[in-house]
Amino acid sequence: MKPKILLITNLYPKSTEHSVLDTTRALHHFVTRWSKNAEVMVIRPKLRLNLWDFRPSNLFSRSVRNDIDGIAVQSLIYMDAPRVGIYRHNSFLKLLAREQFNPDIIISHRISHSLVGDRLSTLLSVPHIVGIHMS
């Protein structure tokens with residue numbers, strides 16, 4: 001049985017045509033290599049912060065799935081606001097449940113995703129690795 005790896009980063013390409021200026025292909029090379037021995041899911045979080053418009057459509061997360069070279073890439077748009085930011089992991093948990101993906105390890109790329117990665121790690125009782133560079 002292959003281990004399951006969850007990568008959380010907003011720098012992963014959305015598609016094969018995604019501009020190199022917005023993302024890095026290095027992450028895709030890592031994930032492609034990992035996918036030979038593991039099942040990998042990538043979540044590309046995008047924070048939507050709109051403090052002035054609290055319509056119900058803005059309070060819930062949405063995701064779009066793309067498969068890039070056999071890798072499941074989920075673009076997750078979620079709402080965050082002061083005092084409710086501690087619940088941002090719920091959007092990630094719902095996405096993992098919907099996709100029936102129970103990771104064995106979580107990798108957060110960049111410090112900005114480490115808080116949600118740490119919370120998911122605690123709730124799912126799995127190890128968490130944070131990739132930080134240029135610090």
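Before reading further, recall that the structure is shown in the block above.
Residues numbered from 1 in each chain as written. Predicted model: local features only at pLDDT ≥ 70, side-chain atom pairs only at ≥ 80, totals over all residues. Heavy atoms only, no water.

1. Side note on the side chain of His 109
Inference 1: Among the secondary structure elements, His 109 is positioned in strand 5 (residues 105-109).
Inference 2: Taking the relative accessible area as the measure of exposure, His 109 reaches 9% and is therefore buried.
Inference 3: Here the side chain of His 109 touches Thr 9 through a polar contact of 2.9 Å, side chain to side chain.
Inference 4: Apart from the residues lying within four places of it in its own chain, the contact partners of His 109 are Leu 7, Ile 8, Thr 9, Leu 11, Leu 27, Gly 131 and His 133. (Helix = DSSP H or I, 4+ residues; strand = E, 2+ residues; numbered from the N terminus. Buried < 20%, exposed > 50% of the residue type's maximum accessible area, 1.4 Å probe, protein only. Polar contact = N/O pair within 3.5 Å; in protein donor to acceptor, adjacent residues only side chain to side chain. Contact = heavy atoms within 4.5 Å.)

2. A short note on the pairing of strand 1 (residues 4-8)
Inference 1: In terms of residue burial, strand 1 counts as a mostly covered element, since five of its five residues are buried.
Inference 2: The side-chain alternation of strand 1 yields two buried faces, one formed by Lys 4, Leu 6 and Ile 8 and the other by Ile 5 and Leu 7.

3. With respect to the pattern of salt bridges
Inference 1: Across all of its chains, the model carries two salt bridges by this definition.
Inference 2: Note that Glu 99 is salt-bridged to Arg 65, the shortest N-O span being 2.6 Å. Placement of Glu 99 in the loop between helix 2 (89-98) and strand 5 and of Arg 65 in strand 3 (residues 62-68) is noted, with a sequence separation of 34 residues between them.
Inference 3: One salt-bridge network, held together by shared partners, links Arg 65, Asp 67 and Glu 99. (Salt bridge = Lys/Arg side-chain N within 4 Å of Asp/Glu carboxyl O.)

4. Some details on the environment of Leu 93
Inference 1: Within the fold, Leu 93 resides in helix 2.
Inference 2: For Leu 93, a relative accessible area of 24% corresponds to the partly exposed category.
Inference 3: Through-space distance from the C-alpha of Leu 93 to that of Leu 123 is 9.3 Å; in sequence the pair is 30 residues apart.

5. A look at the layout of surface pockets
Inference 1: Estimated volume of the second largest pocket: approximately 180 Å³.
Inference 2: Around the second largest pocket sit Asn 10, Lys 14, Arg 44, Pro 45, Lys 46, Val 64, Ser 75 and Ile 77, which together line it.
Inference 3: Where the lining of the second largest pocket is concerned, the elements lending two or more residues are strand 2 (39-48) and strand 4 (71-79).
Inference 4: Broken down by element, the residue count for the lining of the second largest pocket peaks at three residues, all from strand 2.
Inference 5: Considered class by class, the residues forming the lining of the second largest pocket number three nonpolar, two polar and three charged. (1 Å grid on protein atoms, 1.4 Å probe; cavity = no way out; pocket = protein on both sides within 12 Å on 5 of 7 lines; lining within 4 Å. Points joined across faces, edges and corners; volume = space filled by probe spheres on them. Nonpolar A, V, L, I, M, F, W, Y, C, P; charged D, E, K, R; others polar.)

6. Concerning the packing of helix 2 against helix 3 (residues 114-124)
Inference 1: Where helix 2 meets helix 3, the axes come as close as 10 Å, and the angle between the chain directions of the two elements is 55°. Judged by the angle between their axes, helix 2 and helix 3 are oblique. Here helix 2 and helix 3 pass one another in a crossing that is right-handed. Contacts between helix 2 and helix 3 involve His 89, Phe 92, Leu 93 and Leu 96 on the former and, on the latter, Val 116, Arg 119, Leu 120, Leu 123 and Leu 124.
Inference 2: Of the residues in the contact of helix 2 with helix 3, the class split is seven nonpolar, one polar and one charged. (Axes fitted to C-alpha atoms, helices over the stretch in contact; angles between N-to-C directions. Parallel < 35°, antiparallel > 145°, perpendicular 65-115°, else oblique. Left-handed = near helix turned anticlockwise from the far one by under 90°.)

7. Focus: helix 3
Inference 1: For helix 3, the set of buried residues is Ser 114, Val 116, Gly 117, Leu 120 and Ser 121. Along the axis of helix 3, the buried residues cluster in a sector spanning 160°; they form a single face.
Inference 2: Its buried side turned inward, helix 3 meets strand 1, helix 2, strand 5 and strand 6 (128-131).
Inference 3: Ser 125 sits one or two positions beyond helix 3 and adopts a positive phi of about 55°. (Arc of directions from axis to C-beta.)

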